[in-house]
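The primary structure of each chain is shown beneath.
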Amino acid sequence: MEATFIPKVKELLASADTIVIITHHNPDGDAIGSSLALWHYLRKCNYKPEIVVSSDFPDFYKWMPGADSIRMATKDKELCESLLANAKLIFCLDFNMAERAESLAEPLLKASGSKVLIDHHQSPSDIFTLAHSQINTSSTSELIYDFISAMGDESKVDNDIATAIYVGLITDTGSFSYNCDYPNTYAVTSKLFEHNINGEKIHRLVYGTFSESRLRLLGYCLSQKLTIVGEYSTAYISITREEMKRFDFSNGDSEGIVNYGLTIKDVKLAALFSERNNHVKLSLRSFGNLNVGMIARKHFAGGGHKNASGANIYKSLDEAIADFLAILPLYNEYLS
Ligand code: 5GP
Ligand code: MN
């Protein structure tokens, strides 16, 4: 964290009577966790922050304290837009380019309030007034803990804040199985448990509340839809809209499926293509030095991290898969 970041945030907070926290479209556990952690913290500092997001989020995050206060543009677009327009200070969490806010991208860009970025993705854009962008960390949630601590407010961390941060930590590291080689991650985790959080219960609420159809979709993907491209150490799965309907798909049901490809010995690149209304959602995961964040940016106008990235491809499912297969030879040195 740059030495000037905290004094500058304090200066902005001193005159901010309206504060909005915004995170990315289709928020995941880190997006929701970091936003709620900051929301609870700012409330403890006597502010009245609002969280806005472009879309709904999976039910397995709805139990989180404060989750029902999150404003969604899909339900209340005008309110989200006016909150952004009237905010003196806007915290942008777990994304670093306006487009990731989808329907709220324009309102975010137009907003006159100061924009403070706290994020861990590669290649931040330059739309922010202040930025704390740290790639070498587990999650934005970990950065929020560091932020609260750097504000001199570690004593304000409570069970709600610790719970939110823990959800971000476990979801962005696959329960401490990737992106987790940072000593600070464990130092922060250890402090979270001083606030009486129940790690086992939180894990169950996030990962152990599948619907039957979600589990069956996973089984179907693994037994019927997994394709191995042995020559390029790659595994991919595609899901059509018809299949999503068949398995009574709801928001979040495909989360985690892409990771299974990487569990095969020697597979270094895994992809999931899921067909949406007017585009294909691509998820990429890699093991080792292959930078899938760069691949998503360069070939698919997406983004993300070195080992986990994604993009929306505005083509048919078959075309998206063909485009993906066509670029594999370019990365032969990492995949053979
Ligand atoms: P997931 O595959 O879990 O949806 O996303 C993995 C990572 O890639 C996340 O860090 C997410 O922020 C990023 N990501 C996913 N989809 C997109 C996208 O459409 N654009 C950009 N820039 N990043 C994405
Ligand atoms: Mn994240």
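Residues numbered from 1 in each chain as written. Chains lettered and ligands numbered in written order. Predicted model: local features only at pLDDT ≥ 70, side-chain atom pairs only at ≥ 80, totals over all residues. Heavy atoms only, no water.

### Some thoughts on the site of ligand 1
And step 1. Around ligand 1 lies a shell of 15 residues, among which Arg-100, His-121, Lys-281, Ser-283 and Arg-285 are the nearest.
And step 2. One of the side-chain N or O atoms of His-121 is found 2.8 Å from an oxygen atom in ligand 1.
And step 3. Between ligand 1 and Lys-281 there is a distance of 2.7 Å, counted from an oxygen atom to a side-chain nitrogen or oxygen.
And step 4. Summarising the interface, the protein chains cover 83% of the accessible area of ligand 1, which totals 500 Å² for the free molecule.
And step 5. Of all the elements in the fold, those that place two or more residues in the shell around ligand 1 are strand 10 (280–286), strand 11 (303–304) and strand 12 (308–313).
And step 6. Its residues assigned to classes, the shell around ligand 1 shows three nonpolar, nine polar and three charged. (Near = heavy atom within 4 Å. Polar contact = N/O pair within 3.5 Å; in protein donor to acceptor, adjacent residues only side chain to side chain. Areas by Shrake-Rupley, 256 points an atom, 1.4 Å probe, with all protein chains shown as cover. Helix = DSSP H or I, 4+ residues; strand = E, 2+ residues; numbered from the N terminus. Nonpolar A, V, L, I, M, F, W, Y, C, P; charged D, E, K, R; others polar.)

### A look at the coordination of the manganese ion (ligand 2)
And step 1. In the first shell of the manganese ion (ligand 2), the protein supplies Asp-30 (OD), Asp-94 (OD), His-120 (NE2) and Asp-172 (OD), at 2.1 to 2.3 Å from the metal.
And step 2. The sequence pattern formed by the donor residues of the manganese ion (ligand 2) is D-x63-D-x25-H-x51-D. Of this pair, Asp-30 sits in helix 2 (residues 29–44) while Asp-172 sits in helix 6 (residues 159–172), and the two are 142 residues apart along the sequence.
And step 3. Residue Asp-172 is classed as buried on the basis of its relative accessible area, which comes to 14%. (Donors = N, O, S within 2.8 Å, 3.2 Å for Na, K, Ca; no water. Buried < 20%, exposed > 50% of the residue type's maximum accessible area, 1.4 Å probe, protein only.)

### What about unusual backbone geometry?
And step 1. Unlike most non-glycine residues, Asn-26 shows phi in positive territory, near 45 degrees.
And step 2. Structurally, Asn-26 is set in the loop between strand 1 (19–23) and helix 2.
And step 3. Phi is positive for Asp-248, close to 50 degrees, though the residue is something other than glycine.
And step 4. Summarising the element assignment, Asp-248 is placed in the loop between helix 10 (241–246) and helix 11 (257–261).
And step 5. Judged by relative accessible area, which is 56%, Asp-248 ranks as exposed.

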